[in-house]
Each structure stands twice: as C-alpha cells, then as structure tokens.
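A structural walkthrough
Single-letter residue listing:
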Amino acid sequence: MKFLRFLHLLAPFVVVTSISSRANSLPEPASLLADDFSALTPYADPTTIGKFESLKIEGMTFTQAIRYETLQRPPFPWDAGMRISTIAPILTGDTLLLQFRARCVATRQETGEALIGAVIETTGKLHEKLSESEVSVGPEWTLISRPFIADRDAAAGEIQLAFRLGYEPQTLEIADVRLLNYRSGVPLASLPATKASYEGIAPDHPWRAEAAERIERLRKGDLTITVRNAPGEPRAGVTIQVTMLRHAFAFGTAISASRIAGDDSPDNLRYREILEKHFNKVVFENDLKWPAWVSPGGFGGSSREEIFRALDWFDARQISVRGHVMVWPSWENTPEFLRALKDQPERLGAAVLDHIADQTSALGTRLTDWDVINESYTNHDLMDVLGRDVMADWFRAAHKGAPDLRLFYNDYLMFSGEGPGSPSQYFEDTIEFLVRKGAPIGGIGEQGHFGGSPASPIAVLAALNRFSRFGLPIQITEFDIDTADTELQVAYTRDFLTAVFSHPSVTGVLTWGFWEGRHWKPRAAFWDQTWNLRPHGAMWLDLITRQWWTNASLITDTDGRAMIRGFCGDYKITVTDSKGTTLATKLVPLPRSGAAVEIDLSR
C-alpha cells in the first residue's frame, strides 16, 4: 500500500452531534437491521476493486468492524461497497435514524480523508432513494447520525442500506451500524444529527485575535501623503481619495488557456471578466503539464498558440502567471514514450532534461514562478529508476534555463500529520533534502485541497510554522474545499484564508479553479455552472475585496499632510479641491515598510 496516504492528522475535524432536549422522551425504536454484522456484504470484484474483511475491535463500546480497501477507483462510486437489507417493514411518514461509526486508515484522497456514500434505497432495479449523503472521515472513530422521514411503505427486505465506496484508493473501517425506526410523529429535530466542524471554528477562539494582530502588522503599511502648492508651501484642506487597485499578496486561481484565447462565447467572456476583476495571479491548470505540452490539446490542456495568446492577455492586465508543472514524476503523468525508457536510465534522464530545457527556453521569461516537481510522495517512478538525487538535478536544469524564475517543489502533504512516518514529514524531509543537495529551490507549494474533514486553522498554522524554518516563501497553490455541507464550506473558506493570510511565510493563495464549468471538483467552485456566486465564493470576495481592502477619503491638515494605514498593494491617489475638481493623480505602491508620497500641484 505504498501508494496510499497514511494519516496522522495534526488535528482531526470535530463532529458535533446535536440532540434535542426532547431526546429523553423518545419512543423505543425498532431495529431495521440484523444484529449479525456478517449480514453487511460487499458487492464488487474483491481481486480488482475492493477487499473486505471482518475485524475484532478492542477498547471501544463495539467489538466488531468491517475493513474495506478500495483497490482502484471504478467508473462510479456505487460500483463498489457494501450493503445490507432491512428485516422489518416501514411505513410512509416513519422517522428513521441511520447511525454508524467509521474511520480512515489510509487514503489517496488529497484531502487526507476516506469518503463514504451512505444511501437508503429500494432493493429493486430502480434503487429509489429514501436518504442519500456523502460523508468524509479522518483517522479517529467518528459517529455519523443521519435522521430522515420515510416517503413510502416497504416490506421487510424491500429497503437496503448501501455504503458506496468506489472512490480513489482508500482503506476504511465501519462499525456499529444501525438503522432505527421511531415510527411516525417523531420530529427530525428530536434526533441526533452530526455536523462536521473543526477546532477553532468558534467565533471567540483565541487564534482569531492572534491572526488579526498578525494581519495588521504583516499585511499593512503606513501611507503618508503630502500635498503642496509649490515647494515648501503646504496645501491644507484638499480631499485625497485613496483607492486600492491590487493586492501585493497573491489571490489567484487555476485557469485554462483556451478559455482566455478561445472564442467570445458568453461563458468565455464571463470567465475572463471575473478573472480580470477578482484575481491578480493565475496558474495554468493542465496546459504546461508534460503530456499536454508535447501533445497540444491532450491531457486536458490547450494548444501552444493558445498558451502564448493567453500570456499576452495576462501581460496586458498585469496578472502574474505561475507554471505547473515541469516534472510530475510517474509514468501515469508523463508522456507514454517515457515508460519505454525505464530500462535505459541514461536516455530516460536525458529525456527529462531535454523537456525542462524545452519548456524553460519557451516560457522562462513569461512566468514568475514554476513548479519543478509535483507530488513525489505518490509519483516516484522516475526516481525509482534514476535515483533520488535526480530531483536536485532537475532544479538545477530549470534554473539554468530560467534563472530569473522562483522554482517550487509542490505537494499536498503539509497539513497531513507530524512526526516520523507521516506524510507531512516526508514533505519536510524532501525540502530539506533539496536544500542540502544545493538545489536552487525558491519556494514551497502546498496544494491545500480539503473535504468535509478539514485540518483546523490551528493545525494549519502549526504546520506553516514548521515549514517556515527553511526561510522559503510558501504559496497555497491549489486551494479548494469539496463538501456538500455549505455551512462548513463557508466557515472553512473564511478560516483557512485568514490563517494563511496571517502567516509571515505565505505569499499567496491560488484556488484550483473558480467556475463549475471548468473545475475538477464542481461543487468546490465559487461560481456555479450558470455563474451564480455560491456562499463560499461570496466569503472569498468579502475577504479580499472588503475586509482586506483599503479605500478612504482623507483631508490634508495644515501641513498639507494626510495619513492612513492600508493593506499592502498598488494604489491610485486622487487630489481634489472643494469643488470636486481633480488637481492631481498618482499611482503608488504601498509596501509593508510604508510609503511617503509628495504631490506638488505647481507642476
């Protein structure tokens, strides 16, 4: 199971179970499932899709569990899993409660979680649904409670509980499975219902005040503006409008070059409009990946002509562009011809260096930074043949071809555990290895993909503190939160962005897409398919365009001076007289160290 992501999470999510005060007066429920745990049976090929075994559990209130290992992802989540049929009838209007405990042992999900689809459905060909939900669990045993109302009559055996487990390779354990019938008249609010949460979500948690203090200190600068009629003659009483134009901190997104360079369809026009208005940095999602680069239009990418036209578009709008990725070192994520060289290490090594030279010669002056290597924790076929030292060689080759670019190592492990054997320890050791080998690494890229069990902001800050020891800038390169829990999605968007914006080592956050029509996790997109802004997208905009944005109207004092503390970035300063006539305008940058601006109206 070397390919799986073993979990030692820094701070697992918290499950809050809400229970009404009327719970003590609930009627005794009838059990709809057999007590014999062996009745829960798998329904996929155990040799290729999923492996299933029973376990004895000690130290818990339950003694049995089922371990299910998904070996490979089938076409649909329902193609693999377990199911069990009911042993008693239900009636329309009955109040039912599904409960089970689960935990993740290992996973290939970049969020570090195991996914479970919990479905109550008919056993006939149509599989009509009574209740359907997807949950995610971390490494601790988690109680999941889902109350619902039956919308049909069904005899014993006509309804089944199905656990859909056909996701990315993962190993999880499920125990204490119950489906209870409280009969009609029992309100859903009187039954327990789980709600995903995390440490630090409370509005008065101490981390918030600490983060606010750091943001004030690290992300702002003092701007002093002095207006004179002539040298030595201050101009008092004029109005100065301070208008922020752009953040110094990178708030960016992944993009497709074809959406920028393609036709003027309504979707493409809207795509460009939002991109230009709300993001100051972009990253090519697929266009520069090696398979797409050598086969334009393949691997989800765009043509080279479209890439260069997109770069011109971004240059004209002063939107910086990062590259992703030179070497994603597995057979799966490199061109097919490379696998044929696995027994010819010299030719294989030369092919990689030739590719790096090709890309840097074409784009080395057009980008600001570039991921040299991506996800070596789970993608290491090339190093298995060429040795680990070759990673430093790739950085040196990239630096030779593009000496002015900041070069990154990128992975998804920073917030996944700590200590020997943990994924984040591998990440940290890899950065240390590259530094020790003299690789010209200029930054650390942490992807930041999350699901329904996200790492707490306290855990995120602790991990950032660990990685800050290298003295390298850290970028969150692929942020998203993929969950059906809208409330959690909004809260975590707010708290994750606040945590990383407050940390001195972080220089930017890029989301892995923004529109459902072009997003690898559609429900994680800020805008839906028809361009409606979703609640967590509204939170993103509220933070970066309102809470962390500075616009102000000032009046000069008797010394002709006005002062303000604003968020670091680019500003336009407009001076007007009492009649509103514009006397002068000036564009100025505001760094953390502050800026003093002199405006002489006599010129």
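Further up the page is the structure itself.
Below is a short write-up of the structure. What you are looking at is a predicted structure, and each value in this text was computed from that prediction instead of being measured.

Our focus in this paragraph is the overall build of the protein chain. Scanning the protein chain from N- to C-terminus turns up 13 helices and 31 strands. In summary, the protein chain has a C-alpha radius of gyration of 28 Å against a globular reference of 25 Å for 603 residues, a match within 12%. Looking at the protein chain residue by residue over its 603 residues, the buried ones come to 56%. Considering only contacts within the protein chain whose residues lie at least 6 apart along the sequence, 78% involve residues at least 24 apart. Counting only carbon and sulfur atoms, one obtains 50% of the accessible surface of the protein chain, whose full area is about 24,900 Å². Averaging the coordinates of the 62 positive side-chain charges in the protein chain and doing the same for the 75 negative ones gives two points 3 Å apart.

Put simply, helix H11 (residues 457-467) and helix H12 (residues 486-501) touch, their axes get as near as 9 Å, and they point 25° apart. Of the possible angle classes, the one that applies to H11 and H12 is roughly parallel. The way H11 lies across H12 gives a crossing that is right-handed. Facing H11, whose interface residues are Pro457, Val460, Leu461 and Leu464, H12 presents Tyr492, Asp495, Phe496, Ala499 and Val500.

Reported here for the largest pocket is a volume of approximately 650 Å³. Lining the largest pocket are 28 residues, and of these Glu110, Glu168, Trp328, Glu375 and Trp520 sit closest to its centre. Put simply, the parts of the chain that give the lining of the largest pocket at least two residues each are strand E24 (449-450) and strand E25 (474-481). A breakdown of the residues in the lining of the largest pocket according to their chemical character gives six nonpolar, 10 polar and 12 charged. By volume, the second largest pocket amounts to about 360 Å³. Every residue lining the second largest pocket is counted, 23 residues in all, and those nearest its centre are Glu134, Val135, Ser136, Arg146 and Thr483. If you list the elements that add at least two residues to the lining of the second largest pocket, you get strand E10 (129-137), strand E11 (142-149) and strand E14 (193-197). Of the residues in the lining of the second largest pocket, the class split is eight nonpolar, seven polar and eight charged.

With that settled, consider the side chain of Ser330. Its place among the elements puts Ser330 in the loop between strand E20 (320-327) and helix H6 (336-339). Judged by relative accessible area, which is 4%, Ser330 ranks as buried. Within the structure, the side chain of Ser330 is placed 2.7 Å from the side chain of Asn379, a separation counted as a polar contact. Apart from the residues lying within four places of it in its own chain, the contact partners of Ser330 are Asn379 and Asp381.

This paragraph deals with the sheet that holds strand E9 (residues 114-122). Hydrogen bonds between backbone atoms are what pair the strands of a sheet, whose relative direction is either parallel or antiparallel. Overall, antiparallel pairing links the five strands, which are arranged E4-E7-E12-E9-E10 in an open sheet. Edge positions in the open sheet fall to strand E4 (41-42) and E10, since each of these has one partner strand only. Relative to strand E12 (residues 159-164), E9 runs antiparallel, the two sharing six bridges. Residue pairing in the sheet places Glu121 in a bridge with Gln160 of E12.

A few words now on unusual backbone geometry. Note: most residues except glycine have negative phi, and most peptide bonds are trans. His324 connects to Val325 through a cis peptide bond whose omega is 0°. Relative to the helices and strands, Val325 resides in strand E20. Within the chain, Gln318 stands out as a residue other than glycine whose phi angle is a positive 55°. Here Gln318 is to be found in the loop between helix H5 (304-316) and E20.

Right, let's talk about the packing of aromatic side chains for a bit. Taken as a whole, this structure holds 31 aromatic pairs when the rule is applied. Lying across the ring of Trp293, Arg304 places its NZ or CZ 3.8 Å from the centre. A cation sits over an aromatic face here: Arg388 above Phe433, 4.0 Å from the ring centre.

The rules behind the values
Numbers given for residues are sequential positions, taken from 1 along each chain in its written order. With the structure being a predicted model, the display of local features is reserved for residues of pLDDT at least 70 and the display and counting of side-chain atom pairs for 80 or more, all residues being used for whole-chain, interface and lining totals. The side-chain quantities take in all heavy atoms of the structure and omit both hydrogens and water. Numbering of helices and strands runs from the N terminus; a helix is a DSSP stretch of H or I covering at least four residues, while a strand is a stretch of E covering at least two. For a compact globule the rule gives 2.2 Å times the number of residues to the power 0.38, and the radius of gyration it is set against comes from C-alpha atoms. Relative accessibility under 20% of the residue-type maximum defines a buried residue, over 50% an exposed one, and the middle range a partly exposed one, all with a 1.4 Å probe and only protein chains included. Contact between two residues is taken to exist if any of their heavy atoms lie within 4.5 Å; hydrogens are not considered. Here, Shrake-Rupley sampling with a 1.4 Å probe gives the accessible areas, and only protein chains in the shown set may cover a residue. Charge counting follows a simple rule: Lys and Arg are positive, Asp and Glu are negative, and His as well as the terminal groups are ignored. By convention, charge coordinates are those of NZ in Lys, CZ in Arg, CG in Asp, or CD in Glu. Helix axes are fitted only over the stretch in contact, all axes being lines through C-alpha atoms; the angle between N-to-C directions runs from 0 to 180 degrees. Under this scheme an angle from 65 to 115 degrees is roughly perpendicular, one under 35 degrees roughly parallel, and one over 145 degrees roughly antiparallel; angles in between are oblique. Crossings are assigned a handedness: left-handed for a near helix turned anticlockwise from the far helix by less than a right angle, right-handed for a clockwise turn. Points on a 1 Å grid, built from protein atoms alone, make a cavity when a 1.4 Å probe fits but cannot get out and make a pocket when they are open with protein on both sides within 12 Å along at least 5 of 7 lines; residues with an atom within 4 Å of a point are the lining residues. Grid points are joined across faces, edges and corners, and a volume is the space filled by probe spheres set on the points. The nonpolar class holds Ala, Val, Leu, Ile, Met, Phe, Trp, Tyr, Cys and Pro. Asp, Glu, Lys and Arg form the charged class, and all remaining residues, Gly among them, are polar. Here a polar contact is recorded for every N or O atom pair within 3.5 Å, except that within protein the pair must consist of a potential hydrogen donor and a potential acceptor, and residues adjacent in sequence are included only if both atoms are side-chain atoms. At least two bridges found by DSSP between two strands is the condition for calling them paired. Under the pairing criterion, centres of Phe, Tyr and Trp rings, with the six-membered ring standing for Trp, must be within 6.5 Å; the plane angle then separates stacked pairs below 30 degrees from edge-to-face pairs above 60, leaving the rest tilted. We call a charge positioned above a ring when the Lys NZ or Arg CZ atom is no farther than 6 Å from the ring centre and deviates by at most 35 degrees from the ring normal.

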